[in-house]
Amino acid sequence: MGHPGADDRVDQRRPDEIAGNIERAGADHQRRRRRQGPQDHDERHQRDHRAQQRDADIERGAGKRDNSPEAIRKRRETLAEAAATLLPGDIRQVLAAGEGRLLVVPVSDTGTAPYAALPIRNQDDFAARRWSFVVMQDLNVLAGDSSGFDMGKVDLSKSVIVGDPDDMRDVRYSFPALPGARKEAQAIARELGVAEQNVLIGADATRRNVVRAIDRSAGEGVIYMATHAVADAKNPLTRGFVVLSQQNLFAGELRTQQFRGWDEHQPLVVMSACQTALGRVFDGGTFGVARTWTNAGAGQVVASLWNVSDRATYRLMTRFVAGLQQGKAPELAMQAAQLATIQNYPNDPKMWASFTIIGKPTIGSGPGSNAPARVTPPRTPPQSAPEQ
């Protein structure tokens, strides 16, 4: 992606710090998939319970999103500084003159930046209006016979859908229920026509049932998980995990897991949970839950850059899956979903730019199709009422 020149304004902060600042600048404390530490557990539990009673099945936690002029200004400044660092000078000029799909090869933690939200020509000209993004592990992804992810081989009806596990046990964290995630999983299962045995909601979403269902699908569908997740910057394999009923699924297990059929079919994995794109940073990128899915054989992983809102994620991800159902490549389906969700949250990219695509670029666009992926971004969708 090049290096900033001497005349460029450069933000020396790391991309993960930039993403954190976007989250903190008017952060939505009504967090979805929010992890809570063991300290002050009783107080937090009571506070969450009161908040859920006040705003049932919409959001969790105390506090409100801050859309004050000061918070909006800080978010815009953070994104402008990030664009100056990651898309300096000539690079941004090239992006401003074109449109299509941009493949990002990360160095250190540059793969965890919210590229879709970076301004190109002005503060409202988000990159998502022109470009879709895929974060690759390295350039070797483009070498060999399997240099791309063939969405044409994915049968959406054979997907595995996981949502809002019950009985979430962990000695270090307390996880609130996720009514929005449950609604999201149920809506997506209906949209895709998934068989009942592959829809694991609440108490059915145990580790044993999930692994069995993934094996049964043989990599032919989408693995979709709407739940909590935890990333760990020091021990991503032993302390990074996806929350399930009774027993969590750790990143280290995914790294060594051999799912039936994945050597022949590369599934799309959607981690609709907090922090799933994060982990430990190495020179070659960030290693965490998302990276272990690609190591296990997934063609692409949809993963989050920060703690995400339940309601906003429901909106974004149901639109994303609708795009898949229409035959869009995942990166284009995400771009279209982001553009639609901007209309609900015009001043808060934390709500619509929270997910990224990790893995191989798509070479097939749509179930049952082997046509090349479209790279022309969709038109801006009709206006919908913004959320204040």
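Residues numbered from 1 in each chain as written. Predicted model: local features only at pLDDT ≥ 70, side-chain atom pairs only at ≥ 80, totals over all residues. Heavy atoms only, no water.

**Some words on the sheet that holds strand 10 (residues 249-250)**
Selection criterion: Pairing between two strands requires that DSSP report at least two bridges joining them. Only DSSP runs of H or I covering at least 4 residues are called helices, and only runs of E covering at least 2 are called strands; the numbering of each starts at the N terminus.
In space, the 3 strands of this open sheet follow the order 8-9-10, with antiparallel pairing throughout. Looking along the sheet, the strands with just one partner apiece sit at the ends: strand 8 (229-230) and strand 10. Bridge analysis of strand 9 (residues 241-242) against strand 10 gives 2 bridges, and the strand direction is antiparallel. The partner of Val242 across the bridge, within strand 10, is Leu249.

**A short note on the nonpolar core**
Note the threshold: What is meant by a nonpolar core is a set of buried Ala, Val, Leu, Ile, Met, Phe, Trp, Tyr and Cys residues, joined one to another through side-chain atoms within 4.5 Å. Burial classification: accessible surface area is computed with a 1.4 Å probe over protein chains only, and a residue below 20% of its type maximum counts as buried, one above 50% as exposed, and the rest as partly exposed. Any pair of residues with heavy atoms lying within 4.5 Å of one another is described as a contacting pair.
Formed by 89 residues in total, the largest nonpolar core has its most connected members in Met225, Trp293 and Phe320. Not counting residues within four places of it along the chain, the set of residues in contact with Met225 comprises Val162, Val210, Ile214, Val242, Leu249, Val270, Met271, Ser272, Ala273 and Trp293. If you look at the next biggest cluster of nonpolar residues, it comprises 6 residues, including Met168, Tyr173, Val230 and Phe241.

**Notes on helix 9 (residues 289-296)**
Burial of helix 9 is extensive: 7 of the 8 residues sit out of reach of the surface. All of the buried residues along helix 9 are Val289, Ala290, Arg291, Thr292, Trp293, Thr294 and Ala296. Directly after helix 9, the chain includes Gly297, whose backbone phi takes a positive value near 125 degrees.

**A look at empty space enclosed by the protein**
Note the cut-off: Buriedness for pockets is judged along seven lines, at least five of which must meet protein on both sides within 12 Å for an open set on the 1 Å grid over protein atoms alone, while cavities are sets there where a 1.4 Å probe fits but cannot get out, and lining residues have an atom within 4 Å of a point. Grid points are joined across faces, edges and corners, and a volume is the space filled by probe spheres set on the points. For this classification, the nonpolar set comprises Ala, Val, Leu, Ile, Met, Phe, Trp, Tyr, Cys and Pro, the charged set comprises Asp, Glu, Lys and Arg, and every other residue, Gly included, is treated as polar.
Applying the stated criterion across every chain, the model contains 3 cavities of 30 Å³ or more. The space that makes up the largest cavity amounts to roughly 150 Å³. Considering the residues around the largest cavity, the lining is formed by 16 residues, among which Val135, Ala277, Thr286, Arg291 and Ile358 are closest to the centre. The element contributing the most residues to the lining of the largest cavity is strand 13 (residues 285-288), with 4 residues. The residue makeup of the lining of the largest cavity, split by class, is 8 nonpolar, 7 polar and 1 charged. Approximately 130 Å³ is the volume found for the second largest cavity. For the second largest cavity, the lining is made up of 17 residues, of which Ala116, Phe133, Gln338, Phe355 and Thr356 are closest to its centre. Only strand 3 (131-135), helix 11 (330-342) and strand 16 (355-359) provide two or more residues apiece to the lining of the second largest cavity.

**With respect to the pairing of strand 12 (residues 279-282)**
Relative to strand 13, strand 12 is paired through 4 bridges, and the arrangement is antiparallel. Note that in strand 13 the partner of Arg280 across the bridge is Phe287.

**Some thoughts on the packing of aromatic side chains**
Basically, it comes down to this: By convention, a stacked pair of Phe, Tyr or Trp rings (six-membered ring in the case of Trp) has centres within 6.5 Å and planes under 30 degrees apart, an edge-to-face pair has planes over 60 apart, and any other such pair is tilted.
With the rule as written, the count across this model stands at 9 aromatic pairs. Summarising the aromatic geometry, the rings of Tyr173 and Phe175 are spaced 6.0 Å apart at their centres and angled 45 degrees between planes, so their arrangement reads as tilted. Among the residues examined, Tyr173 registers a relative accessible area of 12% and is labelled buried. Owing to a relative accessible area of 10%, Phe175 belongs among the buried residues under this scheme.

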